[in-house]
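Report on the structure
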Amino acid sequence: LNDKNYTTSPLNLAEKPSVPQDAAVVVVAGPKRALFESEIKALRDYLNRGGNLLLMIDPNTDPKVESLLTEWGVKLDNRLAVDASGSVGLGPAAPLVTQYGKHPITKDFGNGISFYPLARPVDTTPVAGIEVTPLLLTKPYPNSWAESDQESENLQFNPESDRKGPLTLGVALTRKPSAQSETKSNPTPTPTAAT
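Quick caveat: nothing in here was measured; it's all calculated off a predicted structure. (Residues numbered from 1 in each chain as written. Predicted model: local features only at pLDDT ≥ 70, side-chain atom pairs only at ≥ 80, totals over all residues. Heavy atoms only, no water.)

So, the nonpolar core
By size, the foremost hydrophobic cluster in this structure holds 23 residues, and its most contacted members are V26, L43, L53 and L68. Elements with a minimum of two residues in this core: β1 (26-29), α1 (37-48), β2 (53-56), α2 (66-71), β3 (74-76) and β11 (168-175). In terms of residues, this core owes the most to one element, α1, which gives five residues. The residues touching L43, leaving out its near neighbours within four places in the chain, are L13, V26, V28, L35, L53 and L68. Within the second largest apolar cluster, 11 residues are counted, among which are Y100, L136, L167 and L169. (Core = buried A, V, L, I, M, F, W, Y, C linked by side-chain atoms within 4.5 Å. Buried < 20%, exposed > 50% of the residue type's maximum accessible area, 1.4 Å probe, protein only. Helix = DSSP H or I, 4+ residues; strand = E, 2+ residues; numbered from the N terminus. Contact = heavy atoms within 4.5 Å.)

Describing α1
Taking 1.5 Å as the rise per residue, α1 with 12 residues should run 16 Å; its terminal C-alpha atoms sit 16 Å apart, in good agreement. Considered for burial, the residues of α1 that qualify are E39, I40, A42, L43, R44, Y46, L47 and N48. (Expected span 1.5 Å × (residues − 1).)

What about the environment of D58?
Here D58 shows up in the loop between β2 and α2. Note: C-alpha distance between D58 and L118 (60 residues apart in sequence) is 6.5 Å.

Quick word on the packing of aromatic side chains
Evaluation of the coordinates by the stated rule reveals four aromatic pairs. Measuring from ring centre to ring centre gives 4.6 Å for Y141 and F157, while their planes differ by 50°; the resulting arrangement is tilted. In this pair, Y141 sits in the loop between β8 (130-138) and β9 (144-147) while F157 sits in the loop between β9 and β10 (163-164), placing the two residues 16 residues apart along the sequence. Consider the rings of W145 and F157, whose centres lie 6.0 Å apart with planes at 80°: the pair is edge-to-face. Here the residue W145 occupies a position in strand β9, and F157 occupies one in the loop between β9 and β10, the gap between them amounting to 12 residues. Ring pairing ties together the aromatic residues Y141, W145 and F157, which thus form one cluster. (Phe/Tyr/Trp six-rings, centres within 6.5 Å; stacked < 30°, edge-to-face > 60°.)

Digging into the pairing of β9
Here four bridges tie strand β4 (residues 80-83) to β9, and the two strands are oriented antiparallel to one another. Across the sheet, D83 pairs through a bridge with S144, a residue of β9. As defined by bridge partners, β9 adjoins β10 across two bridges and the pair is classed as antiparallel. Following the sheet pairing, A146 is matched in β10 by R163. (Pairing = 2+ DSSP bridges.)

Here's the deal with a nonpolar patch on the surface
A cluster of nonpolar residues, V25, V27 and M56, forms a patch on the protein surface that exposes about 230 Å² of accessible area. If you trace the backbone, V27 turns up in strand β1. On the basis of relative accessibility, which here comes to 46%, the residue V27 falls in the partly exposed class. (Patch = residues over 30% accessible without salt bridge, like charges linked within 9 Å, V, L, I, M, F, W, Y side chains within 5 Å. Areas by Shrake-Rupley, 256 points an atom, 1.4 Å probe, with all protein chains shown as cover. Salt bridge = Lys/Arg side-chain N within 4 Å of Asp/Glu carboxyl O.)

Right, dumping it as structure tokens:
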């Protein structure tokens, strides 16, 4: 990022009670512990004043961000996204994505190929004033599914506990201006959640 003229710096919200005013985006990449309520509040306040947030949360982790995600209509599925096609040799836990949503984040992806090792599906439900754009979609079943038995070395789709693809692995969420003006007179936040 520094090579592309971005200025990056670590941010410890447990020590600092708010996100700096000049932050263009906050990235929470693979948290290993639960976030404190004060950290969640700082992120919520940042979003409410127009900030951008990228969350990347691995399966089998619980950073306790449900309250924040629920406000935006997002629910994380704890199953592991698998790609059984084996077409590129990265293993089933690195789903292949070739379908992208129409959004500025993915506009340059075109027909490209990308991989998302150890990803979990993301589900969304409509929330008034929130626009949802799926960004990353896996291949349909039988090539991909969400696997509940992550300990097994023999991956087989189980219709009782697994979920058929295509799976959404990332979404962009934008609060519409009308919804923002009803709650506060701040700029419109455009957070993204990707896993």
